Amino acid sequence: MSLTLHTTHGPLKLDLFCTACPKTTYNFLALAASAAYTASPIHRLHPNFMLQTGSPASGTPKDSLSIYRLQPANDSDTNPSGYFEDEITSSLRHNARGIVSMANRGPGTNGSQFFVTFGPAPHLDGKNTVFGKVVDGWETLDKLEGVEVDRKGRPVGGKEGVRIEEVTVHANPLAG
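Here the residue numbering is sequential within each chain, running from 1 through the sequence in written order. Residues qualify for local features only when their pLDDT is at least 70, as the model is predicted, and side-chain atom pairs are given and counted only at 80 or more; totals for whole chains, interfaces and linings, by contrast, use all residues. Remark: hydrogens and water are excluded; side-chain values derive from all non-hydrogen atoms of the structure.

Applicable threshold: UniProt positions are given in the numbering used here, feature names are shortened, and annotations may be inferred rather than shown by experiment.
Named according to an unreviewed UniProt entry, the chain is Peptidyl-prolyl cis-trans isomerase originating from Salinomyces thailandicus. In its Catalytic activity (unreviewed entry) section, the UniProt record describing the chain reads: "[protein]-peptidylproline (omega=180) = [protein]-peptidylproline (omega=0)".

**Here's the deal with unusual backbone geometry**
The test is simple: Counting from the N terminus, the helices are the DSSP runs of H or I reaching at least four residues and the strands are the DSSP runs of E reaching at least two. For every residue, the accessible area obtained with a 1.4 Å probe (protein chains only) is divided by the maximum for its type, and the residue is called buried under 20%, exposed over 50%, and partly exposed between those limits.
Positive phi, close to 70°, is recorded for Ala35, a residue that is not glycine. Within the secondary structure layout, Ala35 lies in the loop between α1 (22-33) and β3 (44-46). A positive phi is found at Asn48, a non-glycine position, where the angle reads about 70°. Along the chain, Asn48 falls in the loop between β3 and β4 (50-53). Looking at Asn48, the relative accessible area reads 63%, which means it is exposed.

**Some details on the environment of Gly119**
Applied cut-off: Residue contacts are counted whenever heavy atoms from the two residues lie within 4.5 Å of one another.
Relative to the helices and strands, Gly119 is located in the loop between β6 (114-117) and β7 (130-136). Along the primary structure Gly119 and Asn48 are separated by 71 residues, whereas in three dimensions their C-alpha atoms are 5.7 Å apart. Every residue in contact with Gly119, bar those within four places of it in the chain, is listed here: Phe49, Ala96 and Arg97.

**Looking at the sheet that holds strand β1 (residues 2-7)**
Keep this limit in mind: If DSSP finds at least two bridges between two strands, the strands pair. Structural elements are reduced to axes, namely lines fitted to C-alpha atoms, with helices fitted over the stretch in contact, and the angle between N-to-C directions of any two is expressed from 0 to 180 degrees.
One open sheet accounts for eight strands, arranged β3-β4-β6-β5-β7-β2-β1-β8; its pairing is antiparallel. Edge strands, defined here as strands with exactly one partner in the open sheet, are β3 and β8 (164-169). Adjacent strand axes in the sheet meet at a mean angle of 25°, parallel and antiparallel pairs treated alike. Pairing between strand β2 (residues 10-16) and β7: four bridges, direction antiparallel.

**Quick word on the pairing of β1**
Burial runs high along β1: five of the six residues are buried. As paired elements, β1 and β2 share six bridges and run antiparallel to each other. Counterpart to Thr7 in the pairing with β2 is Gly10. Hairpin connection between β1 and β2: a loop of two residues separates the two successive antiparallel strands.

**Brief notes about the pattern of salt bridges**
For the record, the criterion: Salt bridge, as used here: a side-chain nitrogen of Lys or Arg that lies within 4 Å of a carboxyl oxygen of Asp or Glu.
Scanning all chains against the criterion turns up six salt bridges. In this structure, Glu85 engages Lys23 in a salt bridge whose closest nitrogen and oxygen atoms are separated by 3.3 Å. Here the residue Glu85 occupies a position in the loop between β4 and β5 (99-102), and Lys23 occupies one in helix α1, the gap between them amounting to 62 residues. With relative accessibility at 28%, the residue Lys23 sits in the partly exposed group. The salt bridge involving Asp125 is made with Arg93; its shortest N-O contact spans 3.2 Å. Of this pair, Asp125 sits in the loop between β6 and β7 while Arg93 sits in the loop between β4 and β5, and the two are 32 residues apart along the sequence.

Written out as structure tokens, the structure is:
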């Protein structure tokens, strides 16, 4: 399963680990197919570490809603937070440039936000769900890593900002 994030700095093609992380990739693909990531800002860029994105374009960088929001787990339960559990797999690690992983606020707080590593980040193993990797667009990743940022890692300059412009899903197992 693959898709391309078309960013303001070029395309990033990702392969997703659908078998290892079914709930995470289902959420990611459903959000991508529904244009939820269109115009999403890349709101954090830390050279030698990662870029973070995935909040709704109409919201704030703190927003991170999944497709599981308000879906009842049973007749008396709802999920108003929209978060879902981690799918940590010991064989999937933050061991290279281009690893795609869920951003979270602690265990069981996955939503829509994700990050792409600029290099190995082993301190995140066991804390964040690795669900994909970059397979093409390395020059785009280089350009994104070179974006000027403030001391908090937020891109500076330009009204347009740094963002995902659109997503192309190459093969969608969710489509009938």
